[in-house]
Amino acid sequence: HDAPVNTARFDPLQQMILSASSDGSARLWRARHSLPIAHAIWHRMPVLDARFSYDGQRILTVCADGTAGLWSRPRETHAHVWWQAPAPVRASAATPGGAEMAVAVEDRLLFFSSSDPGPPRREFKSPLDPDRLVFDPGGSRLALTTGRGEVLLLDSQSGRVVWGPIDLRAPIRAARFNSDGRLLAVGTTSNLHVWPVESGLRKPLVSLSHRGGETFAISGDGRRLACLESEGEVHLHENRGSPSLPA
C-alpha cells in the first residue's frame, strides 16, 4: 500500500490476509508468502474497513465517502458499488456466507442483498449510534455496540429490539457470538461479558476480568472462554454449572 493500513484480517482458513488502506485500496495477500492475490479493489477515498464473510467467499469494503461494496473473492477484480450513502458509514457487517450486508448510516440501519443489486431490502431506525455491527451465525440477530460502552441485540428481519441497550460503562473492543448463536460475548477494555441471546437478562450470565479487550474466543458449547491478556498471557476460563449455558 502507498498509505497507512486501517485494518488487516485473516480469512477463516488463515491462508490470506485482507488489508484496507487510506490509499483507497483493499488488497488480498497470501499469508505464507506475503504475495498479493489478484488485483486491488479501488475506491475513490480511503478504505476504512474490509472484512471476509464467515465462509471467506465474499469481501465487504467500506469507504470514507460512504460507499459500501460487496464482492466475490477472488474471481472478481472490482467491488460492486451498489449504493452511495448520504453520510459516512458508521459501521458495517456481512451475514455468514455473505448473502446480506448491513450498514449503519446516521440514525438508520440498512440491509442489502449481495445477489440483487439495488436499494436496501429493509431499513430501520437505529436504537443506538453504533460503531460496530455483528451478525449471529444464522443472520437473524444483529448486535450493535458503541464506543461509549452500550450493547443492544436486534432482530435483523423486523428491527425489533431483543434486549438492551445495556451500558457496560467502558469502551467496547469486540463482540462475538458462539458458533450456534445462543451466546453473545462482549469484550471491553477491562472485562469480558457473556449473555444468552434470547434471555433478555440485564445482567450478563458471566463477567470476567480481561485486559485484552479484543482478543478472545468462546467455545461452541459456550462453556469455555479463551482470553489473550495485554501482557501476552492466555487465560482459559470454564463455566461448570450454569443451567443457562447450552449443554
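Residues numbered from 1 in each chain as written. Predicted model: local features only at pLDDT ≥ 70, side-chain atom pairs only at ≥ 80, totals over all residues. Heavy atoms only, no water.

### Thoughts on the nonpolar core
In terms of nonpolar packing, the biggest core is built from 15 residues, with Val151, Trp163, Leu184 and Val186 touching the most fellow members. Only strand 15 (150-155), strand 16 (161-167), strand 17 (172-177) and strand 18 (183-188) provide two or more residues apiece to this core. Residues Ala91, Leu109, Phe111 and Leu142 belong to the second largest nonpolar core, which totals 14 residues. (Core = buried A, V, L, I, M, F, W, Y, C linked by side-chain atoms within 4.5 Å. Buried < 20%, exposed > 50% of the residue type's maximum accessible area, 1.4 Å probe, protein only. Helix = DSSP H or I, 4+ residues; strand = E, 2+ residues; numbered from the N terminus.)

### Observations concerning the sheet that holds strand 10 (residues 100-105)
Ordered in space as 9-10-11-12, the four strands form an open sheet in which the pairing is antiparallel. This sheet does not close on itself; its edge strands, each paired only once, are strand 9 (89-94) and strand 12 (122-125). Averaged over neighbouring strand pairs, the angle between their axes works out to 15° when direction is ignored. Across five bridges, strand 9 lies against strand 10 in antiparallel orientation. Looking across to strand 10, one finds that alanine 91 is bridged to alanine 104. (Pairing = 2+ DSSP bridges. Axes fitted to C-alpha atoms, helices over the stretch in contact; angles between N-to-C directions.)

### Section: the side chain of aspartate 23
In this structure, aspartate 23 sits in the loop between strand 2 (16-21) and strand 3 (25-30). Separated by 3.3 Å, the side chains of aspartate 23 and histidine 1 make a polar contact. Apart from residues lying up to four places away in sequence, aspartate 23 is in contact with His1, Asp2, Ala3 and Trp42. (Polar contact = N/O pair within 3.5 Å; in protein donor to acceptor, adjacent residues only side chain to side chain. Contact = heavy atoms within 4.5 Å.)

### Notes on the environment of glutamate 150
Summarising the element assignment, glutamate 150 is placed in strand 15. C-alpha of glutamate 150 to C-alpha of isoleucine 166: the two residues are 16 residues apart in sequence and 5.4 Å apart in space. Each residue touching glutamate 150, except ones within four places of it in the same chain, is listed here: Leu128, Leu144, Thr145, Ile166, Asp167 and Ile172. At 2.6 Å, the side chain of glutamate 150 and the side chain of arginine 148 are in polar contact.

### Remarks on the pattern of salt bridges
By the definition in use, this model includes twelve salt bridges. Measuring nitrogen to oxygen at the nearest pair gives 3.0 Å for the salt bridge that ties glutamate 100 to arginine 122. With glutamate 100 in strand 10 and arginine 122 in strand 12, the pair connects residues that are 22 residues apart, well separated along the chain. Residue glutamate 100 is classed as buried on the basis of its relative accessible area of 5%. Aspartate 107 serves as the salt-bridge partner of lysine 125, at 3.0 Å between the closest nitrogen and oxygen. With lysine 125 in strand 12 and aspartate 107 in the loop between strand 10 and strand 11 (108-113), this pair connects stretches of sequence that are 18 residues apart. It is possible to trace a salt-bridge network through shared partners that takes in Arg141, Asp155, Arg160 and Glu198. (Salt bridge = Lys/Arg side-chain N within 4 Å of Asp/Glu carboxyl O.)

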